[in-house]
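What the coordinates show
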Amino acid sequence: MSNIQPSQVPATKPANRRLDNFKDFYKKLRKNKAALVGLYVLVFLFFVSIFGALDANYNILGVNSNATNLTDKLLGPSAQYWFGTDHLGRDIFYRVLHGMYITLGVGFAATFMAALVGVPIGLLAGYYGGWLDTVIMRLMDVLLAFPGILLALAIVSVLGGSTFNVTVAIAIGALPQFARIVRGSTLTTRKLEYIDAIRALGARDGKIIFQHILPNIMSPIIVNTTLFVATAILSAAGLSFLGLGVQPPTPEWGAMLNDGRNYMYQAAHITFFPGMMIVIVVLAFNLFGDGLRDALDPKAKK
Amino acid sequence: MTKFIIRRLFQLIPVLLGVTVLVFSLMHLTPGNPAVIMAGESAPEATVKAIEARLGLNDPLYEQYFRFLGNAAQLDFGSSIRDNIPVFNHISARFAITLELSVMAMIFSVFWGLLAGIISAVRRYTFEDVAMMVVALFGLSMPNFWLGLMLIQWFAIEFQIFKPTGWGSLEQNVLPVITLGTAGAAIIARMTRSSMLDVIDQDYIRTARAKGVKEGTVILRHALKNAMIPVITVIGIQFGSFLAGSVLTESVFAINGLGRLIIDSILQRDFPVVQGAILVIAVVFVIVNLVVDITYRLLNKRVDLN
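These figures come from a predicted structure and were not determined experimentally. Sequence order as written defines residue numbering, which begins from 1 separately in each chain. The lettering of chains begins at A and the numbering of ligands begins at 1, in the order of writing. A pLDDT threshold of at least 70 governs which residues receive local features in this predicted model, and a stricter bar of 80 or more applies before side-chain atom pairs are shown or counted, although totals over entire chains, interfaces and linings include all residues.

Turning our eyes to something else, we now look at the overall build of chain A. Runs of H or I in DSSP of at least four residues are treated as helices and runs of E of at least two as strands, each being numbered from the N terminus. A tally of regular secondary structure across chain A gives 11 helices and 2 strands. Going residue by residue from the N terminus, the α and β elements of chain A occur as α-α-β-β-α-α-α-α-α-α-α-α-α. Around each residue's C-beta, the other C-beta atoms within 10 Å are counted; 20 or more make the residue buried, 12 or fewer make it exposed, and counts in between make it partly exposed. All C-beta atoms are placed from the backbone. The burial tally for chain A puts 45% of its 302 residues in the buried class. Once C-beta atoms have been placed from the backbone, residue pairs whose C-beta atoms lie within 7 Å are recorded as contacts. By sequence separation, contacts in chain A at least 24 residues apart represent 69% of the contacts at least 6 residues apart.

This is the structure we're talking about:
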């Protein structure tokens, strides 16, 4: 992280320090059994999601998850159909499996987009302060005035429902959260002595911001990013449930719940399994995120 | 204090202006003619022209915005494309229900959140603590619309204790309130626990105990009072997410509140109603946050004086 004065700092020292930091972090994380469970579940689900992402024609593990079979509609869970079938006789197990990559994909993509824009915004506001800070933070306040999924809802109402639009809408809704956290951390880091020292050495602003401030505020960014994926997944499922997100017949879990709610009296399993999967994925992200926070950012509490 | 309130009120002005700009531009950011979007692609030319004329869509954009702002300030949000009834009437008919639902969910989540948080903190690392925090984590991780569907499945379809739809009677209200309030209860419980743990380890609590103050009094009078300060901010933010979250809850339970009005209007491309309803929720949320900020300041001040 620091290569300011190679003559004074032995080349091995920073590498060692970084390794030590990581070892320290991993030791803390490993003590947190719940966080490890979350991590393992996520790794497993990630590999499962690859199967779904491989084939756009709804083929997964040799089964077409979109194949309708009206003679077998609304069947309960059985040896043949593990999660039962829906109103069109589609196998819910394979649809849930297939939907995994959409849920994870939208969650990661929305979070990544929000971080990609929100982090630089927060860095600029925190580093330069003054009118730039005021303007940026007032703009973020405007976005924050729309609570929860309301902003995403408003954006999707204009753009129309699609997987991409939902992702963008959720990312915009998350901008202020990233900008605020990064700005706060930047403000405290900027005032540290070593930043003054680097500036005195004649480093340019861009170098100070991206080489010296950013690496030092990575912890809150990583923690926030992990926890936000959970929120993004819940928002995306919610919008799809309202019919404003990912559109059928794509086996997105929220959209599947929307399909299933018309058959609650005949076939309760349709609404059970996709929802249960959302809970598992979100829970895994929350467990892992909580663990990351304890290991990386012990001062932060929530 | 007065100075603080005045400053916060002034800060409100750019935010509220920004909110109106954003809501106004909803209709204009979309590619294509808003009138065509509202009327539908296959609508006859005359219908499109009529909508354009009624909404003044051919005027310069800034003129349209100032008209929108001026009207909104007088609670005039135009009239619905669907039925020509003023948007304000649509909103006022529905807002009371959403507010009722949100306030009840608020009471539910504050009660259970505080109770679970305090017990967890007092019995730190015991079975009760772990169990309650696991439940809280589940509450956080559950999509509220799915919780609603499951509650309907169990308590309205299987056991028929409550009604699956509607709002107004006790049988109808219980499930939506639990649905909307659970995530909030979980967040408040986690916040209360960590805030209480911060306070409980402090010297003045040990002093109080050493003086022989009863344990219950120490917890409720000394610890909780100070632990509540950060919790109050969370409670304020929660109220906003209840207003927004009611969109999903109202959809699940077919409650005719503001949230359902927004969804129906989006699906029918009734933009004036969407704009009005979203604007109202945002403004209410901004005002609630202001009140929370001032309360926080008042409470914090008292702590400073001590």
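From this point, the narrative continues.
The next subject is the overall build of chain B. Within chain B, the secondary structure is distributed over 12 helices and 0 strands. Moving toward the C terminus, one meets the helices and strands of chain B in the order α-α-α-α-α-α-α-α-α-α-α-α. Along the longest, intermediate and shortest principal axes, the C-alpha atoms of chain B span 80 × 60 × 30 Å. Out of the 306 residues in chain B, the part that is buried amounts to 41%. Taking as baseline every contact in chain B between residues at least 6 positions apart, the subset at least 24 positions apart corresponds to 72%.

This paragraph deals with the packing of helix H11 (residues 269-296) of chain A against helix H6 (residues 127-141) of chain B. To get an axis, a line is fitted to the C-alpha atoms, and for a helix only the part in contact is used. The angle between two axes follows their N-to-C directions and goes from 0 to 180 degrees. Following both chains from N to C, one finds H11 of chain A and H6 of chain B inclined at 120°, their axes separated by 9 Å at the closest point. The angle between H11 of chain A and H6 of chain B places the two elements in the oblique class. Crossing geometry of H11 of chain A relative to H6 of chain B is assigned as right-handed. Only Leu137, Phe138, Leu140 and Ser141 of chain B of H6 of chain B make contact with H11 of chain A, whose side of the interface consists of Val279, Val282, Leu283 and Asn286 of chain A. Asp, Glu, Lys and Arg are counted as charged, while Ala, Val, Leu, Ile, Met, Phe, Trp, Tyr, Cys and Pro are counted as nonpolar; the rest, among them Gly, fall into the polar class. Here the residues of the contact of H11 of chain A with H6 of chain B are counted per class, giving 6 nonpolar, 2 polar and no charged. An angle below 35 degrees is treated as roughly parallel, one above 145 as roughly antiparallel, one from 65 to 115 as roughly perpendicular, and anything else as oblique. Helix crossings fall into two classes, left-handed where the near helix is turned counterclockwise from the far one by less than a right angle and right-handed where it is turned clockwise.

Moving on to the environment of Lys33 of chain A. All names here are of chain A. In this structure, Lys33 sits in helix H2 (residues 33-54). Overall, Lys33 belongs to the exposed group, with 10 C-beta atoms counted inside 10 Å. Between the C-alpha atoms of Lys33 and Phe288, which are 255 residues apart in sequence, the distance is 9.7 Å.

Residue and element names in this part refer to chain A. UniProt's feature table lists "transmembrane region" (unreviewed entry) at residues 34-54, 100-127, 139-158, 164-182, 221-243 and 263-289, given in the numbering used throughout. Taken end to end, residues 100-127 has its terminal C-alpha atoms 39 Å apart, with 100% of it in helix and 0% in strand. Split by type, residues 139-158 is 75% helix and 0% strand. Its first and last C-alpha atoms lie 20 Å apart. UniProt positions are given in the numbering used here, feature names are shortened, and annotations may be inferred rather than shown by experiment.

A word on the domain arrangement of chain B. All names here are of chain B. What fixes the domain bounds is an automatic or database domain assignment. By domain assignment, chain B separates into domain 1 (1-87) and domain 2 (90-299). The partner domain 2 presents 19 residues to the 23 residues of domain 1 that form the contact. Of all the elements in the fold, those that place two or more residues in the side of domain 1 that touches domain 2 are helix H1 (2-29) and helix H2 (34-39). Ranked by residue count, the leading element in the side of domain 1 that touches domain 2 is H1, at 11 residues.

Let us now look at the environment of Leu159 of chain A. Residue and element names in this part refer to chain A. Locating Leu159 in the fold gives a position in helix H5 (residues 150-159). According to the C-beta neighbour criterion, Leu159 is partly exposed, with 17 such atoms within 10 Å. With sequence-adjacent residues up to four places away left out, Leu159 is seen in contact with Asn165 and Ala169.

Let's shift gears to the UniProt feature "domain: ABC transmembrane type-1" (unreviewed entry) in chain B. Cross-referencing UniProt, the feature "domain: ABC transmembrane type-1" (unreviewed entry) maps to residues 95-296 of chain B in the present numbering. Its end C-alpha atoms 27 Å apart, residues 95-296 of chain B is made of 85% helix and 0% strand.

Right, let's get into the interface of chain B and chain A. Taken together, the contacts link 40 residues of chain B with 36 residues of chain A. The biggest single contributor to the side of chain B that touches chain A is helix H10 (residues 215-252) of chain B, with 8 residues. The class makeup of the residues in the side of chain B that touches chain A is 31 nonpolar, 9 polar and no charged.

We now examine the nonpolar core. Among the nonpolar cores identified, the biggest contains 163 residues, and Leu153 and Ile233 of chain A together with Ile262, Ala277, Ile278 and Ile281 of chain B are the most heavily contacted of them. Broken down by element, this core gets its largest block of residues, 16 residues, from helix H3 (residues 92-128) of chain A. Those residues in contact with Ala277 of chain B that lie beyond four places of it in its chain are Ile91, Leu258, Leu261 and Ile262 of chain B. To count as a nonpolar core, a set of buried Ala, Val, Leu, Ile, Met, Phe, Trp, Tyr and Cys residues must be joined through C-beta atoms within 7 Å.

Our focus in this paragraph is the UniProt feature "transmembrane region" (unreviewed entry) in chain B. Within this structure's numbering, the places UniProt gives as "transmembrane region" (unreviewed entry) are residues 12-30, 101-122, 134-154, 174-192, 229-253 and 273-292 of chain B. Across residues 273-292 of chain B one finds 100% helix and 0% strand; the C-alpha atoms that close the span lie 29 Å apart.

It is worth spelling out the UniProt feature "domain: ABC transmembrane type-1" (unreviewed entry) in chain A at this point. The feature "domain: ABC transmembrane type-1" (unreviewed entry), as given by UniProt, occupies residues 100-289 of chain A in the numbering adopted here. Each end of residues 100-289 of chain A is marked by a C-alpha atom, and these two atoms are 20 Å apart; helix forms 80% of the span and strand 0%.

Turning our eyes to something else, we now look at helix H6 (residues 163-190) of chain A. With 28 residues, H6 of chain A should reach 40 Å at 1.5 Å per residue; the first-to-last C-alpha distance of 39 Å fits that figure. The bend reported for a residue corresponds to the angle between axes fitted to the seven residues ending at that residue and the seven starting there. In H6 of chain A, a bend of some 40° at Ala174 of chain A exceeds every other bend along the element, and Pro176 of chain A, a proline, comes one to four places later. Expected helix span is computed as 1.5 Å times (number of residues minus one).

A separate point is the confidence of the model for chain B. Scored from 0 to 100, pLDDT records how confident the predictor is in each individual residue. Within chain B, residue pLDDT values average 87, and 97% of them lie at 70 or more. Model confidence for the complex is summarised by a pTM of 0.89, with the ipTM given as 0.89.

It is worth spelling out unusual backbone geometry at this point. With an omega of 5°, the peptide bond between Pro248 of chain A and Pro249 of chain A qualifies as cis. As for its placement among the helices and strands, Pro249 of chain A is situated in the loop between helix H9 (218-241) and helix H10 (253-260). The phi torsion at Leu75 of chain B lies on the positive side, around 60°, for a residue other than glycine. You can see Leu75 of chain B is positioned in the loop between helix H4 (61-73) and helix H5 (87-122). One non-glycine residue, Asn84 of chain B, lies in positive phi territory at about 65°.

The next subject is the environment of Ile51 of chain B. Residue and element names in this part refer to chain B. Among the structural elements, Ile51 can be located in helix H3 (residues 45-55). Among the residues examined, Ile51 registers 20 C-beta atoms within 10 Å and is labelled buried. Along the backbone, Ile51 and Val36 are 15 residues apart, and their C-alpha atoms lie at a distance of 8.6 Å. The residues contacting Ile51, other than those within four sequence positions of it, are Ala35, Met38, Ala39 and Ile81.

In this section: the confidence of the model for chain A. Residues and elements named next belong to chain A. Per-residue confidence for chain A gives a mean pLDDT of 84; residues scoring 70 or more make up 89%. Put simply, strand S1 (residues 59-60) is where chain A has its lowest mean pLDDT, 64, and H9 is where it has its highest, 93. Throughout residues 9-14 the model reports pLDDT below 50, and contacts reaching past four residues in sequence, or to other chains, amount to 5 contacts.

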